Amino acid sequence: MITAYSDLYIDDATRILGDAFDWACNTLEMNIDEFADRFTISYISKQFAIGNPTYVAGMTGCELVLKILDLETVDKELVMYLDKSPEYWVGYISAYYQWYSNESFSTIYDAIPASSILDMYKLYHEMDITQSFNVFTQEIRNKNTATRLSMYRHLMGLSQSELSRESGVPLRQIQLFEQRQRDINNAKLSTVYMLSKALNCSVEQLFEKTGPGSS
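Every value quoted in this text rests on a predicted model; they were computed, and no experiment measured them.

Chemist: Could you give me a rundown of the overall build of the protein, with the residues and numbers involved?
Modeler: Looking only at helices and strands, the protein features 14 helices and 0 strands. Reading the secondary structure of the protein in the N-to-C direction produces α-α-α-α-α-α-α-α-α-α-α-α-α-α. Its C-alpha atoms give the protein a radius of gyration of 18 Å, within 12% of the compact-globule value 17 Å for 215 residues. Taken over the C-alpha atoms alone, the protein extends approximately 50 × 40 × 30 Å along its principal axes. For the protein, buried positions account for 47% of its 215 residues.

Chemist: I'd like a rundown of the nonpolar core, residues and numbers included.
Modeler: Ranked by internal contacts, the top residues of the largest apolar core, which has 48 residues, are Leu17, Phe21, Phe48, Leu64 and Tyr109. When residues in this core are grouped by element, the largest group, 9 residues, is from helix 1 (residues 10-27). Not counting chain neighbours up to four residues away, the residues in contact with Phe48 comprise Tyr5, Ala13, Ile16, Leu17, Phe39, Tyr55, Val56, Leu64, Ala95, Gln98 and Phe105. If you look at the next biggest cluster of nonpolar residues, it comprises 15 residues, including Leu158, Leu163, Leu195 and Leu206.

Chemist: Can you lay out the packing of aromatic side chains for me, pointing to particular residues and giving the numbers?
Modeler: Scanning the model with the defined rule gives 15 aromatic pairs in all. Their ring planes at 70° and their centres at 5.9 Å tell us that Phe48 and Phe105 sit as a pair that is edge-to-face. Placement of the pair is Phe48 in helix 3 (residues 43-49) and Phe105 in helix 7 (residues 105-111), with a sequence separation of 57 residues. Considering the side-chain rings of Tyr96 and Trp99, the 5.5 Å spacing of their centres and the 85° angle between planes classify their relative orientation as edge-to-face.

Chemist: Before we move on, can you summarise helix 5 (residues 61-69) with the specific residues and values?
Modeler: The element helix 5 is largely enclosed, with a buried count of 7 among its 9 residues. Listed in full, the buried residues belonging to helix 5 are Gly61, Cys62, Leu64, Val65, Leu66, Ile68 and Leu69. On its buried side, helix 5 packs onto helix 1, helix 2 (32-41), helix 3 and helix 4 (53-56). Phi for Asp70, located one or two positions after helix 5, is positive at around 55°.

Chemist: Which residues make up the confidence of the model for the protein, and what are the values?
Modeler: The pLDDT averaged across the protein works out to 91; a share of 96% of its residues lies at or above 70. Mean pLDDT across the elements of the protein ranges from a minimum in helix 9 (residues 129-142), with 87, to a maximum in helix 1, with 97. Within the model, pLDDT remains below 50 along residues 211-215, and this stretch shows 2 contacts once partners closer than five positions in the same chain are excluded.

Chemist: Before we move on, can you summarise unusual backbone geometry with the specific residues and values?
Modeler: Across residues other than glycine, the phi torsion is negative in most instances, and most of the peptide bonds are trans. Look at Asn102: it is not a glycine, yet its phi comes out positive at around 65°. Note on Asn102: relative accessible area 44%, which makes it partly exposed. One non-glycine residue, Arg180, lies in positive phi territory at about 60°. Its place among the elements puts Arg180 in the loop between helix 12 (171-178) and helix 13 (189-199). Relative accessible area serves as the criterion here: at 41%, Arg180 is assigned to the partly exposed category.

Chemist: Hey, could you go over the pattern of salt bridges for me, with residue numbers and the actual values?
Modeler: Taken as a whole and judged by the stated rule, the model has 6 salt bridges. Among the salt bridges present, the one from Asp12 reaches Arg15, with a minimum N-O distance of 3.1 Å. In this pair, Asp12 and Arg15 are both assigned in helix 1, 3 residues apart and thus about one turn of the helix distant. For Asp12, a relative accessible area of 28% corresponds to the partly exposed category. We note a salt bridge from Asp37 to Arg172, for which the minimum N-O separation is 3.9 Å. In this pair, Asp37 sits in helix 2 while Arg172 sits in helix 12, placing the two residues 135 residues apart along the sequence.

Chemist: I'd like a description of the packing of helix 11 (residues 160-167) against helix 12, backed by residues and values.
Modeler: Running from amino to carboxyl end, helix 11 crosses helix 12 at an angle of 120°, the nearest separation of the two axes being 9 Å. The orientation of helix 11 relative to helix 12 falls into the category oblique. Note on packing geometry: the crossing formed by helix 11 with helix 12 is right-handed. Listed contacts from helix 12 to Gln160, Ser161, Leu163, Ser164 and Ser167 of helix 11 are Leu171, Ile174, Gln175 and Glu178.

About the criteria used
Residues numbered from 1 in each chain as written. Predicted model: local features only at pLDDT ≥ 70, side-chain atom pairs only at ≥ 80, totals over all residues. Heavy atoms only, no water. Helix = DSSP H or I, 4+ residues; strand = E, 2+ residues; numbered from the N terminus. Rg over C-alpha atoms; globule rule 2.2 N^0.38 Å. Buried < 20%, exposed > 50% of the residue type's maximum accessible area, 1.4 Å probe, protein only. Core = buried A, V, L, I, M, F, W, Y, C linked by side-chain atoms within 4.5 Å. Contact = heavy atoms within 4.5 Å. Phe/Tyr/Trp six-rings, centres within 6.5 Å; stacked < 30°, edge-to-face > 60°. pLDDT = per-residue confidence, 0-100. Salt bridge = Lys/Arg side-chain N within 4 Å of Asp/Glu carboxyl O. Axes fitted to C-alpha atoms, helices over the stretch in contact; angles between N-to-C directions. Parallel < 35°, antiparallel > 145°, perpendicular 65-115°, else oblique. Left-handed = near helix turned anticlockwise from the far one by under 90°.

If you want it as structure tokens, here you go:
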């Protein structure tokens, strides 16, 4: 099995990302999807995904959060607790699946947002870990049929955050379009126009085909 990095680091990596989600959500009171978004668009997620020891073994979860948020310090204790929260499980299972599958964190959270993973906690956290992995893998397969927005974004070589900056459309809205959680066909024409202008295509080219003969 080819994993993202050496299994020597996986125990530390799962603990650190678990602690990071726990501390960000329960101590800093961040929305879990907001924190996941900040993580995935940061360079740190890419370093974490390749097993850079600085990030997967060389710091605490609290320190990782500060790096992700680009903060020197906050008016909160940099302390983790022994009790493991559902938010901890989200970070833990995300890190483990990323290591196991070698998918990017962006791919994982595009397919199954952190809040949806949190919803899985009650049913899956005591099950064999392969049960969670099966859900993740199926959701990623379901998302493999790219939206037109995603295809044109990739053709232009833009990340979601770069497209957001170029177009003025909020990052979360772009993510929801690409995750098919929001129908771009029903979006405001002005929104689609801003995206099309940034992607050098027509508004019509970003609309999803529906009905017989769709592709």
